[in-house]
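Listed below, chain by chain, are the residues.
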Amino acid sequence: MDNPFDLTDDQRAIQDMARKFTADAITPFAAEWDEKHIFPRDTIRAAAQLGFGSIYVSEEAGGIGLGRLEAALIMEAMAYGCPSTSAFISIHNMASWMIDRFGSRALKDKYLPGLVPMDIMASYCLTEAGSGSDAAALKTRAVRDGDHFVVTGSKQFISGGGENDLYVTMVRTGDDSPKGISCLVIEKDMAGVSFGAQERKLGWHSQPTAQVNFDGVRVPAENLVGSEGEGFRIAMMGLDGGRLNIGACSLGGGQRCIDEALAYTKDRKQFGQAIADFQNSQFMLADMQTELEAARILLYAAAVKVTANAPDKTRFAAMAKRLATDTGSAVVDRALQLHGGYGYLMDYPVERFWRDLRVHSILEGTNQVMRMIIARDMLRQ
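Topic: the packing of aromatic side chains
Counting across every chain of the model gives 10 aromatic pairs. On the numbers, 6.4 Å between centres and 25° between planes, the contact of Phe29 with Trp33 is stacked. You can call Trp33 buried: its relative accessible area is 6%. Aromatic side chains Tyr342 and Tyr348 sit 5.9 Å apart centroid to centroid with 55° between the ring planes, which places their arrangement in the tilted category. On the accessibility criterion, Tyr342 (37% relative accessible area) is partly exposed. We note Arg144 situated over the ring of Phe149; from NZ or CZ to the ring centre the distance is 5.1 Å. If you follow Lys305 out to its NZ or CZ, it ends over the ring of Phe316, 4.6 Å from the centre.

A word on the layout of surface pockets
Taken as a whole, the largest pocket encloses approximately 1400 Å³ of empty space. Along the wall of the largest pocket there are 45 residues; nearest its centre are Ile362, Leu363, Glu364, Gly365 and Thr366. Counting only elements with at least two residues in the lining of the largest pocket, the list comes to helix 5 (83–102), strand 3 (148–159), helix 7 (231–267), helix 9 (313–339), helix 10 (350–358) and helix 11 (367–380).

Overview of the side chain of Glu128
Turning to its location among the elements, Glu128 is positioned in the loop between strand 1 (122–125) and strand 2 (141–145). A polar side-chain atom of Glu128 sits 2.9 Å from a polar atom in the side chain of Lys155. Those residues within four positions of Glu128 in sequence are excluded, and the remaining contacts are Leu138, Lys139, Thr140, Ser154, Lys155 and Gln156.

Considering the environment of Ile44
Along the chain, Ile44 turns up in helix 3 (residues 41–49). You can call Ile44 buried: its relative accessible area is 1%. Residues Ile44 and Met319, spaced 275 residues apart in sequence, show a C-alpha to C-alpha distance of 29 Å. With sequence-adjacent residues up to four places away left out, Ile44 is seen in contact with Phe39, Thr85, Phe88, Ile89, Met118 and Met121.

Section: the packing of helix 7 against helix 10
Helix 10 packs onto helix 7 with a crossing angle of 160° between their chain directions and a minimal axis gap of 10 Å. In terms of orientation, helix 7 and helix 10 fall into the roughly antiparallel class. Note that helix 7 runs across helix 10; the crossing there is left-handed. Taking contact as the criterion, the partners of Cys249, Ser250, Gly253, Gly254, Arg256, Cys257 and Glu260 in helix 7 are, on helix 10, Val350, Arg352, Phe353 and Leu357.

Considerations on the pairing of strand 2
Across 5 bridges, strand 2 lies against strand 3 in antiparallel orientation. Looking at strand 3, one finds that Arg144 is bridged to Phe149.

Section: the state of the cysteines
Tallied over the full model, the rule gives 0 disulfides. Sulfur of Cys183: no disulfide; nearest cysteine sulfur belongs to Cys125 and is 9.4 Å away. Its relative accessible area of 0% is what places Cys183 among the buried residues. You can see Cys249 has no disulfide; the closest cysteine sulfur is in Cys82, sitting 9.3 Å from it.

Things to note about empty space enclosed by the protein
All chains considered together, the criterion is met by 1 cavity of 30 Å³ or more. Within this model, the largest cavity holds a volume of roughly 30 Å³. Taken together, Ala30, Trp33, Asp34, Cys82, Ser84, Trp204, His205, Ser206, Arg352 and Asp356 make up the full set of residues lining the largest cavity. For the lining of the largest cavity, the element with the highest residue contribution is helix 2 (residues 30–36), accounting for 3 residues. Of the residues assigned to the lining of the largest cavity, the class counts are 4 nonpolar, 3 polar and 3 charged.

Some words on helix 5
An α-helix turns once per 3.6 residues; consequently, residues spaced three or four apart project the same way. With 20 residues, helix 5 ought to run about 28 Å at 1.5 Å a step, and its terminal C-alpha atoms sit 28 Å apart, in line with that. Of all 20 residues in helix 5, 19 are buried, a share of seventy percent or more.

As for helix 6 (residues 105–115)
For helix 6, the full list of buried residues reads Leu107, Lys108, Tyr111, Leu112, Gly114 and Leu115. Angular distribution of buried residues about the axis of helix 6 spans 165°; they occupy a single face of the element. Where helix 6 is buried, its residues contact helix 5, strand 1, strand 4 (166–172), strand 5 (181–187) and strand 8 (224–225).

Scoring rules and cut-offs
- In this convention, every chain numbers its residues from 1, walking through the sequence in written order.
- Local features in this predicted model are restricted to residues whose pLDDT is 70 or higher, and side-chain atom pairs enter the listing and the counts only when it is 80 or higher, whereas totals over whole chains, interfaces and linings include all residues.
- Note that the side-chain values use all heavy atoms of the structure and ignore hydrogens as well as water.
- Pairing of aromatic side chains here covers Phe, Tyr and the six-membered ring of Trp, requires ring centres within 6.5 Å, and sorts the geometry by plane angle: under 30 degrees stacked, over 60 edge-to-face, intermediate tilted.
- Throughout this description, buried means an accessible area under 20% of the type-specific maximum (1.4 Å probe, protein chains only), exposed means over 50%, and partly exposed covers the range between.
- Should the NZ of a Lys or the CZ of an Arg lie within 6 Å of a ring centre and within 35 degrees of the ring normal, that charge is described as sitting over the ring.
- Only protein atoms enter the 1 Å grid used here, on which a cavity is any set of points holding a 1.4 Å probe that cannot leave and a pocket is any open set flanked by protein within 12 Å on both sides along at least five of seven lines; residues with an atom within 4 Å of a point are listed as lining.
- Grid points are joined across faces, edges and corners, and a volume is the space filled by probe spheres set on the points.
- Segments assigned H or I by DSSP are reported as helices when at least four residues long, segments assigned E as strands when at least two residues long, and all are numbered from the N terminus.
- Counting of polar contacts relies on pairs of N or O atoms within 3.5 Å, with two restrictions inside protein: one atom must be capable of donating a hydrogen and the other of accepting it, and residues adjacent in sequence are counted only when both atoms are side-chain atoms.
- Only heavy atoms matter for contacts: two residues are in contact if any of them lie within 4.5 Å across the pair.
- Geometry is summarised by axes, namely lines fitted to C-alpha atoms with helices restricted to the contacting stretch, and by angles between N-to-C directions that run from 0 to 180 degrees.
- What sets the label is the angle itself: under 35 degrees gives roughly parallel, over 145 gives roughly antiparallel, 65 to 115 gives roughly perpendicular, and the rest give oblique.
- Take the far helix as the reference: if the near one is turned anticlockwise from it by less than a right angle, the crossing is left-handed, and if turned clockwise, right-handed.
- The rule for pairing is simple: two strands pair if DSSP sees at least two bridges between them.
- Working definition: a disulfide is two cysteine sulfur atoms within 2.5 Å of each other.
- Under the convention adopted here, Pro, Cys and the residues Ala, Val, Leu, Ile, Met, Phe, Trp and Tyr are nonpolar, Asp, Glu, Lys and Arg are charged, and Gly plus all remaining residues are polar.
- Take the number of residues in a helix, subtract one, and multiply by 1.5 Å to get its expected span.
- To obtain the arc, one takes the directions from the helix axis to the C-beta atoms.

Set out below in structure tokens:
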């Protein structure tokens, strides 16, 4: 970008394509997906036909080989219709990228032809019941047995759990330090893989979430992503991009709710005039847009840094995720307030966004952990 505060023509074209797809294929149906807990496989695969299932998978491997800013633009656009569905596609992108970036040629050839069109879908498995923010304390163990690893343990809060075909899983192959963690691709149908009941969640109703269990699962050694002991580093690198994407989902959801609040306040009349004419409403709307734009600029800047592999990319990804997700939730909360009692009803979309965006400050690293990452990086200098 010649001007870091503007987009190139190609980036605008990508953004426009994602917005059109969202308007046609996501927004009209998202309320029903939420209410009836529908997992929209066909819509997700239609997004993959546009390349949205392999945004930063290399062109050599069949992906569209774009940068993290382009990915953020796509996620933001789709989240305008449904943050839950956009976030699901983000997670698949992260898992696919890990295989493309760190996997062997055999592993890429084995899985990427199905992952790129989302004929097969992938989950990212790091969190466990006993290791959330303390991710490096994971207990799922993989023991080498000839040309296989035998995997035992379980993973918690897994998006796509029970529905997806592949699970890119962090396992302990060595000591109790982060360097004892490796990454394996585990198939849904391998003997010993099972799933807990679907979680009953506040939001994100359009995507499945379940515990994933491994009971002596024999995984071919060729399914190792990277080398033994590299798993935690790979997981953290994946999260740099994942944090940008989830922040972008908050931007898209926040913008949708600002637009909904604008339309509602111009139409709704109290005390003989539109509530948009009251200065209080105008100040709220102005603050909402100002704060969201500030978060957007930081996230776009962080995305450029991650693409460029800048030394401060992780700090900026953490700052952008923290600000965008907190701001998105705050914006949606105020949009609901501007709707009054109607905002609390499922007849209006704001309550769905209020529920969906709340989890964004928890997953991909809580916003408290983001502050830890930022401060540690500051203190190292």
